[in-house]
Amino acid sequence: MTTHRPVTRSQRLNQITHEPHGRLDALVKAHAPFETQANYARFIVAQYQFQSELAALYNDTQLTALIADLPARCRAEAAKADLADLDTEVPAPLAGAVKNPTQAEALGWLFVSEGSKLGAAFLIKRAVTLGMNEIFGARHLAEPAGGRAEGWKTFTRTLDELPFTEQQEAEADKGALDAFNRFTVLLEQAYAAQLA
């Protein structure tokens, strides 16, 4: 007789975001960010906008009390430096950024941002074909200190151990889904806009 282990919060968030994640992956591929430097620059515009919108969450004192290294995990400045490397202007903020989320909702957003670092392992290999690397043009895709897998395990362990009410679980779900939808909007906007 096998006993089923309960699904952890991070596993549940992975499950409920499977569809929007798949749609986003398809959209990224459709825009072929690694075909030309111009395409890649547009991709970084979206990455920078997403990360800069989350900078307040990465530096939130209540969230930092839960995850001590949270501020160091933020990639907004790295993406900004990547834009400079590519002579691309820092984009103006786009209406619709996350504002005053609950703590559980904020953790849902951070779950998506932190999870994207795992996928970045594949993206940086593609960026290398355009002459980019972790110190030029692809800083925001670089491997975090301590490694991608370890950073993710530490984050999800903390997330999974937090005592949440039913409402907080729903808020975390909403945050994760909203994060995927927001990045999709930012990506579409970055490729629709003419870069200066």
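Residues numbered from 1 in each chain as written. Predicted model: local features only at pLDDT ≥ 70, side-chain atom pairs only at ≥ 80, totals over all residues. Heavy atoms only, no water.

Labelled according to an unreviewed UniProt entry, the protein appears under the name Biliverdin-producing heme oxygenase, originating from Pseudomonas canavaninivorans.

Things to note about the packing of helix 2 (residues 18-30) against helix 9 (residues 166-192)
What counts, and what does not: Lines fitted to the C-alpha atoms define the axes, with helices restricted to the stretch that makes contact. Angles between their N-to-C directions range from 0 to 180 degrees. Think of it this way: any DSSP run of H or I at least four residues long counts as a helix, any run of E at least two long counts as a strand, and we number them from the N terminus. Any angle between 65 and 115 degrees counts as roughly perpendicular, while under 35 counts as roughly parallel, over 145 as roughly antiparallel, and the rest as oblique. Handedness of each helix crossing follows the sense of rotation of the near helix against the far helix: counterclockwise by less than a right angle gives left-handed, clockwise gives right-handed. By definition, residues are in contact when any of their heavy atoms lie within 4.5 Å.
In the contact formed by helix 2 and helix 9, the axes pass within 10 Å of each other and the chain directions differ by 15°. Regarding the angle of helix 2 to helix 9, the classification is roughly parallel. Of the two possible hands of crossing, helix 2 and helix 9 adopt the one that is left-handed. Taking contact as the criterion, the partners of Pro 20, His 21, Arg 23, Leu 24, Leu 27 and Val 28 in helix 2 are, on helix 9, Leu 177, Phe 180, Asn 181, Phe 183, Thr 184, Leu 187 and Glu 188.

As for unusual backbone geometry
A positive phi angle, near 50°, is found at Asp 87, a position not held by glycine. Residue Asn 100 is not a glycine yet carries a positive backbone phi of 45°. Structurally, Asn 100 can be placed in the loop between helix 6 (76-85) and helix 7 (103-128).

Digging into the nonpolar core
To keep things clear, this is the line we draw: To form a nonpolar core, buried Ala, Val, Leu, Ile, Met, Phe, Trp, Tyr and Cys residues must be joined to one another through side-chain atoms within 4.5 Å. Only protein chains enter the accessibility calculation, which uses a 1.4 Å probe. A residue is then buried if its area is under 20% of the maximum for its type, exposed if over 50%, and partly exposed in between.
Tyr 40, Leu 57, Leu 107, Leu 110 and Leu 187 are the most contacted members of the largest nonpolar core, which has 51 residues in total. Counting residues per element, the ones that place at least two in this core are helix 2, helix 3 (37-58), helix 6, helix 7, helix 8 (148-161) and helix 9. Here this core gets 11 residues from one element, more than from any other, and that element is helix 3.

Structural notes on the packing of aromatic side chains
The way to describe two aromatic rings as a pair is by their centre distance and the angle between their planes. The criterion, for reference: In summary, the pairing rule links any two rings of Phe, Tyr or Trp, Trp by its six-membered ring, whose centres are within 6.5 Å, and it sorts them by plane angle into stacked for under 30 degrees, edge-to-face for over 60 and tilted for everything else. Criterion for a charge above a ring: Arg CZ or Lys NZ at most 6 Å from the ring centre, at most 35 degrees from the ring normal.
Per the counting criterion, the structure on display carries six aromatic pairs. Taking 5.2 Å as the distance between ring centres and 50° as the angle between the ring planes, the aromatic pair formed by Phe 111 and Trp 152 counts as tilted. Here Trp 152 lies in helix 8 and Phe 111 lies in helix 7, a separation of 41 residues in the sequence. Trp 152 shares its class with Phe 111; the two are buried. Grouping aromatic residues by their ring pairs yields a cluster made of Phe 34, Tyr 40 and Phe 43. Seen from the ring of Phe 164, Arg 9 lies directly overhead, with NZ or CZ sitting 3.8 Å from the centre.

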